[in-house]
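For reference, the chains in residue letters:
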Amino acid sequence: MDPLFSAETRRADLDAMAAAPVDVLVIGGGATGAGIARDAAMRGLRTALVEAADFGSGTSSRSTRLIHGGLRYLEHGWLRLVFEASRERGILLRIAPHLVRPVAFLFPVHAGGRIGRGRLAAGLWLYDLLSAFRNVHSHRMLSRRAVLRAEPRLRDRGLRGGGVYYDAWCDDARLVLANARAAHRGGALVASYAAVTGFEKAGGELRGAVVQDGVGGRGVTVHARAIVNATGPWSDAIRHLEDPDAAPLLRPTKGVHVAVPRHRIGNEGAITMTSPLDGRVMFVLPWGAVTIIGTTDTDFADDPATVTPVGSDVTYLLRSANAFFPDARLTAGDVIAAWAGLRPLLHAAEAGSTAAVPREHRIVESPAGLITIAGGKLTTYRAMAAELVDVVAARLHRIDGRPIAPRAPTATQPLPGGEVGDLELLVRELIKEGVPESVASHLVDRYGSEAIAVANLATRERALGAPLGPGTTTQRAEVVHQARREMALSVSDVMIRRTDLFRRDPRQGTEVTPVVAGLLAQELGWDAAREAESLAAYLAEVQRMRQALTPAPVS
Ligand SMILES: Cc1cc2nc3c(=O)[nH]c(=O)nc-3n(C[C@H](O)[C@H](O)[C@H](O)COP(=O)(O)OP(=O)(O)OC[C@H]3O[C@@H](n4cnc5c(N)ncnc54)[C@H](O)[C@@H]3O)c2cc1C
């Protein structure tokens, strides 16, 4: 069983990082920072990871969730990125098979569309070539009739055929969490709700960072021989904290997704399409009973914490989807949830449209020694992490000549829950133990090999062997598991990033939030006031999202 990863380990880890210097302090617990902490810890470095809020609560829980080579990047000639991302897709499918699943995408071609049949066929061939023909399956081109057989509700007027290609889809927030846990398992000191608010320097060199404990309310100083800024859209803010004159590295863009009931749009599988409004590549993705439509891509220069969808984002997405599924006639009233994230894209003043801003990353070291990693993608986080830790290792070697492992086995060692060969077999084992089939599949999807531990919790404590409420498969035992082994510290942590009820449930799971709050209160030792506060914070978040969904006319 995996070690605890909880409020208690968090407190102990904050104490430990304040008590003795670390080799490397990683700021930011998104995909990039959690991946770096895992890599550094596995190379034997004394590592600390601090995240201002919950793991993945920044961009990394608001992505399209594709673990992909990036078909559309072919149009920009970013072949190296597609090659690297395709390799990473293969690795993540192996080390986290429960969180990263292969998916077939249908790309329909309509008359007058930006991409014709010939261009699509050439692009899909190149896409397979760049994954060295080791993708899940090779692409295939489809006739008009075959496309309509696969997706009967797709617009048939002007349909010329299409192509099917393969990529992967993941649970982004849980992938980040798995990396943070793996870092902890490898010996890293890890704390969420711990924000860096300042730096300490000596002789012009960075020596440490001031960390504000958002739960205990104390401030601690963490001394480190190397400090890494992996704060995604906040990267420039952290750089300014260290050097007010630092030039900006980023040009963040906002991306919005909406979830609608799947039966309303009627897609059978995942669709890649070019929006008839502006020709951008978009996705329609099935997710159980809901379909996700995304995304937009617009410049955003305000405080990253304030990014939110607005009516025009929602209208753009619904109009684009309606053009492909004309019977759907989606309106804002169909939207179950909407969310926005910020792509931490590198500044490229000459790039013009936001879609043409490169998705690659850069590593920059400030004169005082702050190592910033900016840009990149969820898909390539593991490779980015390895490259960044090479830079840290070189710095530490310069300081004291200590040899550091040149590589960590991050490509072969499974992430927590990924120690499973055959997911179907695991589902059958749980069913044999008496777990209902729908619950068994749900637990294996979410927890992989750890599904057994969650099921055992329910066996040991009978009160936990029930769903959170009628109409949901999510079990009470999951909340307890999340508090003990996934560092869930608030109702929002559970509802938004660990169970997805916020995005999948038409009422954002508000009927079951008192049960969640009650279970957390027991686990975390909250008094009634603390429990009410956490519940209210989640409901306020739901309210904010609903306000952003003010109906706008859709044609
Ligand atoms: C709409 C959208 C769709 C996308 N789709 C895809 C996709 O399908 N596939 C793909 O590969 N990529 C996709 N991306 C890109 C991908 O999501 C990002 O590149 C990636 O998640 C960035 O991770 P990160 O860790 O660098 O940043 P973040 O996830 O934002 O993490 C940075 C963290 O730093 C923390 N932080 C900030 N300030 C402080 C501080 N002072 N102290 C401590 N912590 C701090 C924040 O709280 C945050 O959690 C998408 C992005 C968007 C916006």
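Use the structure listed above.
Position labels on residues start from 1 in each chain and follow its written sequence. Per-residue local features are limited, in this predicted model, to residues with pLDDT of at least 70; the limit for side-chain atom pairs, both in listing and counting, is 80 or more; totals at the level of whole chains, interfaces and linings are taken over all residues. Working from all heavy atoms in the structure, the side-chain values ignore hydrogens and water.

Visitor: Help me get a handle on the pattern of salt bridges, residues and values and all.
Guide: Throughout this description, the term salt bridge denotes a Lys or Arg side-chain nitrogen within 4 Å of a carboxyl oxygen of Asp or Glu. Here the structure, examined in full by the defined rule, presents 41 salt bridges. The partner of Arg10 in a salt bridge is Asp213, with the nearest N and O atoms 2.6 Å apart. Of this pair, Arg10 sits in helix H1 (residues 7–19) while Asp213 sits in strand E9 (residues 205–213), and the two are 203 residues apart along the sequence. Of the two residues examined, Arg10 and Asp213, each falls in the buried class. What emerges from the salt-bridge pattern is a single network uniting Arg10, Asp15, Asp213 and Arg218. Per the convention used, a helix needs a DSSP run of H or I reaching at least four residues, while a strand needs a run of E reaching at least two, with both numbered from the N terminus. Throughout this description, buried means an accessible area under 20% of the type-specific maximum (1.4 Å probe, protein chains only), exposed means over 50%, and partly exposed covers the range between.

Visitor: Tell me about the packing of helix H2 (residues 31–42) against helix H10 (residues 381–400), and name the residues and values.
Guide: Only C-alpha atoms enter the line fits that serve as axes; for helices the fit covers just the stretch in contact. Angles between N-to-C directions range over 0 to 180 degrees. H10 packs onto H2 with a crossing angle of 55° between their chain directions and a minimal axis gap of 8 Å. With respect to each other, H2 and H10 are oriented oblique. Here H2 and H10 pass one another in a crossing that is right-handed. Across the interface between the two elements, Ala31, Thr32, Gly35, Ile36, Asp39 and Ala40 of H2 pack against Tyr381, Met384, Ala385, Ala386, Leu388 and Val389 of H10. Each angle receives one of four descriptions, namely roughly parallel if under 35 degrees, roughly antiparallel if over 145, roughly perpendicular if within 65 to 115, and oblique otherwise. In this scheme the crossing of two helices becomes right-handed for a clockwise turn of the near helix relative to the far one and left-handed for an anticlockwise turn of less than a right angle. The contact criterion used is simple: two residues touch if any of their non-hydrogen atoms lie within 4.5 Å.

Visitor: Hey, could you go over H2 for me, with residue numbers and the actual values?
Guide: Expected span, for any helix, means 1.5 Å times one less than how many residues it has. Over its 12 residues, H2 extends 16 Å from the first C-alpha to the last, a length consistent with the 16 Å expected when each residue adds 1.5 Å. Among the 12 residues of H2, 11 are classified as buried, and the element is accordingly described as predominantly covered. Where H2 is concerned, the buried positions are Ala31, Thr32, Gly33, Ala34, Gly35, Ile36, Ala37, Arg38, Asp39, Ala40 and Ala41. Of the residues trailing H2, Gly44 is marked for its positive phi of about 90°.

Visitor: So what's going on with the packing of aromatic side chains? Which residues, and what values?
Guide: Note on aromatic pairs: the rings of Phe, Tyr and Trp (six-membered ring only in Trp) are paired at centre separations within 6.5 Å, and the planes decide the class, stacked below 30 degrees, edge-to-face beyond 60, tilted for the rest. A complete count under the given rule lists seven aromatic pairs for this structure. Measuring from centroid to centroid gives 5.7 Å for Phe5 and Phe55, while their planes differ by 25°, and the two rings are stacked. Residue Phe5 is located in the segment before H1, and its partner Phe55 is located in the loop between strand E2 (47–50) and strand E3 (66–67); the two are separated by 50 residues in the primary sequence. With respect to class, Phe5 is no different from Phe55; both count as buried. Between Tyr73 and Trp78, the ring centres sit 5.5 Å apart and the planes meet at 45°, which makes this aromatic pair tilted. In this structure Tyr73 comes out as buried when scored by relative accessible area, which is 4%. Among the aromatic residues, ring-to-ring pairing joins Phe105, Tyr127, Tyr165 and Phe283 into one connected group. Above the ring of Trp339, the side-chain terminus of Arg503 is found at 4.5 Å from the ring centroid. Above the face of the Trp526 ring, Arg530 is positioned so that its terminal group lies 4.9 Å from the ring centre. Over a ring means this: the NZ of a Lys or the CZ of an Arg is within 6 Å of the ring centre and within 35 degrees of the ring normal.

Visitor: Please provide a residue-by-residue account of the site of the ligand, values included.
Guide: In the vicinity of the ligand lie 38 residues, with Thr32, Glu51, Ser60, Leu66 and Thr379 positioned nearest. Within the contact set of the ligand, an oxygen atom lies 2.7 Å away from a side-chain nitrogen or oxygen of Thr32. In protein, a polar contact means a hydrogen-donor-capable atom and an acceptor-capable atom, both N or O and within 3.5 Å, with residues adjacent in sequence counting only if both atoms are side-chain atoms; elsewhere, any N or O pair within 3.5 Å suffices. Lys377 places a polar side-chain atom, nitrogen or oxygen, 3.3 Å from an oxygen atom of the ligand. Under the convention used here, a 1.4 Å probe and the Shrake-Rupley method define accessible areas, while residue burial counts only the protein chains that appear. If the ligand stood free it would expose 1,000 Å²; the protein chains cover 94% of that surface. Residues are classed as near a molecule or strand on a simple rule: at least one heavy atom within 4 Å of it.

Visitor: An account of the packing of helix H12 (residues 437–447) against helix H13 (residues 451–460) is requested, with residue identities and associated values reported.
Guide: Running from amino to carboxyl end, H12 crosses H13 at an angle of 130°, the nearest separation of the two axes being 8 Å. By the criterion of interaxial angle, the relationship of H12 to H13 is oblique. Of H13, the residues touching H12 (which contributes Leu443, Val444 and Tyr447) are Ala451, Val454 and Ala455. Amino acid classes used here: Ala, Val, Leu, Ile, Met, Phe, Trp, Tyr, Cys and Pro are nonpolar; Asp, Glu, Lys and Arg are charged; the rest, including Gly, are polar. Grouping the constituent residues of the contact of H12 with H13 by class yields six nonpolar, no polar and no charged.

Visitor: Got a sec to walk through the pairing of E2? Specific residues and values, please.
Guide: Where a strand is regular, its side chains alternate between the two sheet faces. Side chains Thr47 and Leu49 of E2 all project onto a buried face; the interleaved residues Ala48 and Val50 project onto the opposite face, where all are buried too. Should DSSP find at least two bridges between two strands, the strands are regarded as paired. Relative to E2, strand E1 (residues 22–27) is paired through four bridges, and the arrangement is parallel. Bridge assignment links Leu25 to a residue of E2, and that residue is Ala48. The path from the first strand over the helix to the second decides the hand: if it runs clockwise while the strands point away from the viewer, the crossover is right-handed. Crossover handedness for the path E1 to H2 to E2: right-handed. Pairing geometry for E2 and strand E7 (residues 189–191), over three bridges, is parallel. Opposite Val50, over in E7, you have Ala191 as the bridge partner.

Visitor: Residue-level account of the environment of Phe83, with values.
Guide: With respect to the helices and strands, the residue Phe83 is situated in helix H3 (residues 79–95). On the basis of relative accessibility, which here comes to 44%, the residue Phe83 falls in the partly exposed class. Spatially, the C-alpha atom of Phe83 lies 29 Å from that of Asp236, the residues being 153 residues apart in sequence.

Visitor: Describe the side chain of Glu486, with residues and values.
Guide: With respect to the secondary-structure elements, Glu486 resides in the loop between helix H14 (476–485) and helix H15 (491–498). Residues within four places of Glu486 in sequence aside, it is in contact with Phe5, Arg174, Leu177, Arg181, Tyr447, His481 and Arg498.

Visitor: Break down the side chain of Thr315 for me, citing the residues and quoting the values.
Guide: Along the chain, Thr315 turns up in helix H9 (residues 311–324). Given the relative accessible area of 13%, Thr315 is considered buried. At 2.8 Å, the side chain of Thr315 and the backbone oxygen of Gly311 are in polar contact.

Visitor: Residue-level account of the environment of Tyr73, with values.
Guide: Relative to the helices and strands, Tyr73 is located in the loop between E3 and H3. Taking C-alpha positions, Tyr73 is 25 Å from Gly33, a pair spaced 40 residues apart along the chain.

Visitor: Please set out the pairing of strand E11 (residues 253–261) residue by residue, giving values where relevant.
Guide: The element E11 is largely enclosed, with a buried count of nine among its nine residues. Neither face of E11 is open: one carries Thr253, Gly255, His257, Ala259 and Pro261, the other Lys254, Val256, Val258 and Val260, and all of them are buried. Across five bridges, E11 lies against strand E14 (residues 290–294) in antiparallel orientation. When the sheet's bridge partners are listed, His257 is paired in E14 with Gly294.

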